[in-house]
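A structural walkthrough
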Amino acid sequence: MASVVKSFALAGVDAYPVEVETDILGGLPAVSIVGLVDTAVREARERVQAALRYAGFKFPGEKVVINLAPGDIKKGGSHFDLAMAVGVLLRSRQLTGNDMLEHFAFAGELSLNATLRPCPGVLPMAMAARDAGVQNLVVSRENLREASLVGGLNVYAFETLAAVVSFLNGETSYTPPQQESGELPDENWGSLDFKEVRGQDALLEYIVIAAAGGHNMLMLGSPGCGKSMVARRIPTILPRMTEAEALDVTKIYSVAGLLKERGRLIRSRPFRAPHHNASTSALIGGGTDAGPGEISLSHNGVLFLDEIAEFGKKTLDALRQPLEDRQVTISRVKNSNSYPCSFMLVSAMNPCPCGYYGQERCRCSDYEVLKYRRKLSGPILDRMDIQKYVQPVNFLDLSGEGGGTSSAVLRERVEFARQKQRERFAGQPMISCNAEMTAPQVKEYCSLEDEGRRLLEQAYERFQYSARAFHKFLKVARTFADLDGSPHLRRQDVAASLMARDMDREQAGMLVI
Amino acid sequence: MEIYWLWLSMLPGVGALLQKKLLQRFGSPVDIYHAGEGELLSIEGMGKTLTQRVLAARSLDGAARVQEKMQKSGIRLLVLSDPLYPDMVKSLAEAPAVLYYRGTLHGQSCGVGIVGARRCTAYGKEVAREAAAFLAKQGIPVISGMARGIDSYANTACLQAGGYTLAFLGHGVDICFPADHRELMEAIVEHGAVLSAYPPGTEARPEFFPQRNYLISAWSYRLLVVEAAQKSGSLITANLAKQQGRPVFAVPDNIYKRQSAGTNGLIADGVAHIYLQPRQLLGEVEQVAAAANGEVSAALAEKDAGGIAAASLTAAQGKTLPQADHGSLPATEREILSLLIDAGAPRSPEELAAHFSGEKKLFWETLAVMVLEGKVDNLAGGRVRPCAAFVQ
């Protein structure tokens, strides 16, 4: 009878259990691996043969068939090596094997020298193991920490195949490998802090608003005025990630093979800044394996698109659906994976082709400026609740004393406003911040006092705003009020929100048809 | 008949002057077409070779092709004998025999020309906007060239103020150059006309522009030059206008600025009058023209020119201005206003906030309200300045 050993395969950010069945059939020596496997799995044949031999075992001199069940789902990755080696040993009775093996699962790549190598996606695999009721997981030493992030599971880590086998045979007892002790400080921003940003008080106010209400934002400014500097610091004032959020982010990075410090939860909110020549697949996700893109890598964090006008129009428009749904499904011929992508979009661009619009040196005509700005489609612009100018700072002021406000102080305000929103939206699963409010919710939560209403009407007449823009203002005004803990939208909240869209106001004043 | 006009305009080696002579002698293009060798030779300027070339070019195929294109793109022909062809232009020696146009031509299509630099400054833009809007309110057509910068601003501001505008092009009227002006061009066609001496399909070329400049000045009673560098197309237009006997006005500017060397020079050389306010662009003829266009009421026309101008100046600015009375404003608004006025030039709000005595939050709130109420103008680049009523 064929031996059965448990392992896992990845689908998107989740793993599902796979049974590795091994049987030895009579016939000429050959190894055949089936079960809709990709090249990486198929190549395991060579690795497993070499590793068994090096570890002092015998590879069966007959036809060996290995089946990865369920057999109708495409599987990839080199982490099946360990399970296959154990399966072969079990079937050829070189592993005395016992009943307890059905409570074990395996994930690890083998080297030709029979050592165990780490593999991506161990975190979701450990989660899948726990969910499937498998109590024991065997991984490589490097993956130990990552797998241990999931509670309710015994994780065993080894360095060589021989050690695994002697443990399973009950010949040696398990001794956990030495680990560098000490958890990292929970967040690591290096030296990034808003106190280095000076002379941008007005902008900072709106950055806080964006962070507090989850509003997407566009920064306009001449080259070198500090747009990127500001953007890089936005994650430092977003609320701390909850355990669940951190786990989500770590899972995505694990699957993408981007966990730099294996086994540590990612606690700092991600900040991704893809270059503007990024392809649609790089941004949204894709490739033959339908892997995660930049939007998923910035899940629970900030996606910063610098020079957003230089991105391909199609690439940008592909952002529309993920921005709405906060989740993206990548479909390829052989794969279809879903990834979460709840990110805050921060973008920056020059206000005109030369970059100095409104300054003495700018010679761009309004028609050129408009053409340049139209590189951003209406629907994308529409999703930016806040569009602010970043004013060039007088560098003589910069050398002076008096720092800006520190990130810690700003974050406190953000957390306060978020708390208000949590209370408001308690019991409503689809919404967590003001920016996500739907039209009926705006109606319910953004009641206006007379003075505020009058102000909005004035703006409406003066700048010919659309009804859609109207909602945007209310959402932003809601966040302004939340920052002060005010239950109602006051006149000043409305006034401040009306100043949140510099570009719209400016375009109303342009001399164009 | 039209086809013979086209044929005449396409004759090789026969320019505007010779066309005129031929028309004078034969009366109409059909007769020129049927003229014999002897008759042609009798005209001064028609040499032997040229006559042979004209006789050899008897085919109407080329003209028919152009006619087909015109039909496709809704292009019409304005020929010298057309009553819509202004007498003021007709009398000029180099007025072309045919012009292609899209849009509507009025009986009184001549107006005031506004030309200037493509790479203009905010100052030039403001002057062009004010002048064009003023003329539009007076019912005077604005004549320009739909080029980047001042030209397009003049056309645009006129249309925005509900006026009638003409744009003369250095290429076929079915082509939009620069391409960013597509919407502007369509708006001009709808509320005015685009005209060109070049047949449809002709791409823009530098050597075509002097001809178009000639037409701009020809169609203008007066010409306003806003920002022109030395050796610019606008200077050519100014000199042509001078030759055609049109009064030229130039906008004075910073003497150190390269863009203004041309206009300042025009003033220094006495070619142009110094331009200080839009009402200078009103002459007697224009008022008659305006009255004919029915845009100015009889009552207004009876008043003296200065009165009309003053009355319309405020109208041209369009907005209902708040009372320019600082005293009646709340204290915060008064402080912000005086900060703005002291600054002298448009400033970024951040700069002003640094000088504000009260709480920052109050500053932002008040400024927002002032922008919405029109007390403060929002300018390009996020800058602000006090609205006009508070500056005087």
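Residues numbered from 1 in each chain as written. Chains lettered and ligands numbered in written order. Predicted model: local features only at pLDDT ≥ 70, side-chain atom pairs only at ≥ 80, totals over all residues.

1. Here we look at the overall build of chain B
Applicable threshold: Secondary structure counts use DSSP, requiring at least four H or I residues in a row for a helix and at least two E residues in a row for a strand, with both numbered from the N terminus. It is the C-beta atoms, placed from the backbone, that decide contacts: two residues are in contact if theirs lie within 7 Å.
Scanning chain B from N- to C-terminus turns up 20 helices and 11 strands. Put simply, 71% of the contacts in chain B that link residues at least 6 apart link residues at least 24 apart.

2. Things to note about the sheet that holds strand β18 (residues 386–389) of chain A
Residue and element names in this part refer to chain A. The criterion, for reference: Between any two strands, at least two bridges found by DSSP are needed for them to pair. To obtain each axis, a line is fitted to C-alpha atoms, and for helices this fit is confined to the stretch in contact; angles are then taken between N-to-C directions over 0 to 180 degrees.
Across the sheet, which stays open at both edges, the 5 strands sit in the order β11-β14-β17-β10-β18 with parallel pairing between neighbours. The open sheet is flanked by β11 (271–272) and β18, the only strands paired with a single partner. Sheet analysis places β11 next to strand β14 (residues 302–305), joined by 2 bridges and oriented parallel. The residue of β14 that forms the bridge with F271 is V302. Most of the contacts of helix α7 (residues 201–213) go to β18, to which it runs at about 160°, and overall it touches β10 (217–220) and β18.

3. Quick word on the interface of chain A and chain B
Keep this limit in mind: Amino acid classes used here: Ala, Val, Leu, Ile, Met, Phe, Trp, Tyr, Cys and Pro are nonpolar; Asp, Glu, Lys and Arg are charged; the rest, including Gly, are polar.
Counting residues at the interface gives 30 residues for chain A and 33 residues for chain B. Of all elements in the fold, only α7, α14 (366–373), α19 (450–463), α21 (491–498) and α22 (502–508) of chain A reach the threshold of two or more residues within the side of chain A that touches chain B. When its residues are assigned to classes, the side of chain A that touches chain B shows 14 nonpolar, 8 polar and 8 charged.

4. Describing the environment of B:L50
Residues and elements named next belong to chain B. Using the following cut-off: Residues with at least 20 neighbouring C-beta atoms inside 10 Å of their own are called buried, those with 12 or fewer are called exposed, and the rest are partly exposed, where every C-beta is derived from the backbone.
Topologically, L50 is positioned in helix α5 (residues 48–56). Owing to 18 C-beta atoms within 10 Å, L50 belongs among the partly exposed residues under this scheme. Taking the C-alpha atoms as reference, L50 lies 6.9 Å from G13; in sequence the two are 37 residues apart.

5. Here we look at the pairing of strand β8 (residues 136–140) of chain A
Residue and element names in this part refer to chain A. Of all 5 residues in β8, 4 are buried, a share of seventy percent or more. Sheet analysis places strand β5 (residues 104–106) next to β8, joined by 3 bridges and oriented parallel. Bridging from a neighbouring strand, A105 pairs with L137 of β8.

6. Structural notes on the pairing of strand β17 (residues 344–349) of chain A
Residue and element names in this part refer to chain A. The buried fraction of β17 amounts to 6 of the 6 residues, a majority that puts the element mostly inside the structure. Residues of β17 alternate between two faces, with M344, V346 and A348 on one and L345, S347 and M349 on the opposite face, all of them buried. Note that β10 and β17 share 4 bridges and pair parallel. Bridge pairing in β17 places L218 opposite S347. By the bridge criterion, 4 bridges tie β14 to β17 in an arrangement that is parallel.

7. Thoughts on unusual backbone geometry
In this structure, A:P70 follows A:A69 across a cis peptide bond, with omega equal to 5°. Cis geometry is adopted by the peptide bond preceding B:P178, which originates at B:F177 and carries an omega value of -10°. By secondary structure assignment, the location of B:P178 is in the loop between β5 (165–169) and α10 (182–191). For A:L36, which is not a glycine, the phi torsion comes out positive at approximately 50°. One can find A:L36 in the loop between β3 (30–34) and α1 (39–42). When the 15 C-beta atoms within 10 Å are taken as the criterion, A:L36 is described as partly exposed. If you check the backbone angles, A:E307 has positive phi at about 50° while not being a glycine. With respect to the helices, strands and loops of the structure, A:E307 is situated in the loop between β14 and α12 (313–317). Looking at A:E307, the number of C-beta atoms within 10 Å reads 15, which means it is partly exposed.

8. Here we look at the nonpolar core
Keep this limit in mind: Any nonpolar core is a set of buried residues, restricted to Ala, Val, Leu, Ile, Met, Phe, Trp, Tyr and Cys, that join up through C-beta atoms within 7 Å.
Of all hydrophobic cores here, the largest spans 155 residues; its most connected members are A:A85 and B:A368. Sorting elements by how many residues they give to this core places α7(A) first, with 10 residues. Residue contacts for B:A368: discarding those within four places in its chain leaves A:A495, A:A496, A:L498 and A:M499. Ranked by size, the runner-up nonpolar core spans 85 residues in total, among them B:I75, B:Y100, B:M185 and B:A250.

9. With respect to the sheet that holds strand β1 (residues 76–79) of chain B
Each strand in a sheet pairs with another by means of backbone hydrogen bonds, the pair being arranged parallel or else antiparallel. All names here are of chain B. Spatially, the 9 strands line up as an open sheet ordered β1-β2-β6-β5-β4-β3-β7-β8-β9, and their pairing is mixed. Bordering the open sheet on either side are β1 and β9 (273–274), each of which pairs with just one other strand. Where helix α12 (residues 233–243) meets the sheet, it contacts β3 (111–116), β7 (220–226) and β8 (248–250), and its direction lies at approximately 150° from that of β7.

10. Re the domain arrangement of chain A
Residue and element names in this part refer to chain A. Inclusion rule: All the domain ranges listed were derived from an automatic or database domain assignment.
Per the domain assignment, the segments of chain A are domain 1 (3–168) and domain 2 (194–508). Relative placement of domain 1 and domain 2: their C-alpha centres are 44 Å apart. Contact residues are listed per partner, giving 19 residues for domain 1 and 17 residues for domain 2. The set of elements that each furnish at least two residues to the side of domain 1 that touches domain 2 consists of β1 (3–11), α4 (122–132) and α5 (144–148). Among the elements that make up the side of domain 1 that touches domain 2, the one with the highest residue count is α5 (4 residues). For the side of domain 1 that touches domain 2, the class distribution of residues is 10 nonpolar, 5 polar and 4 charged.

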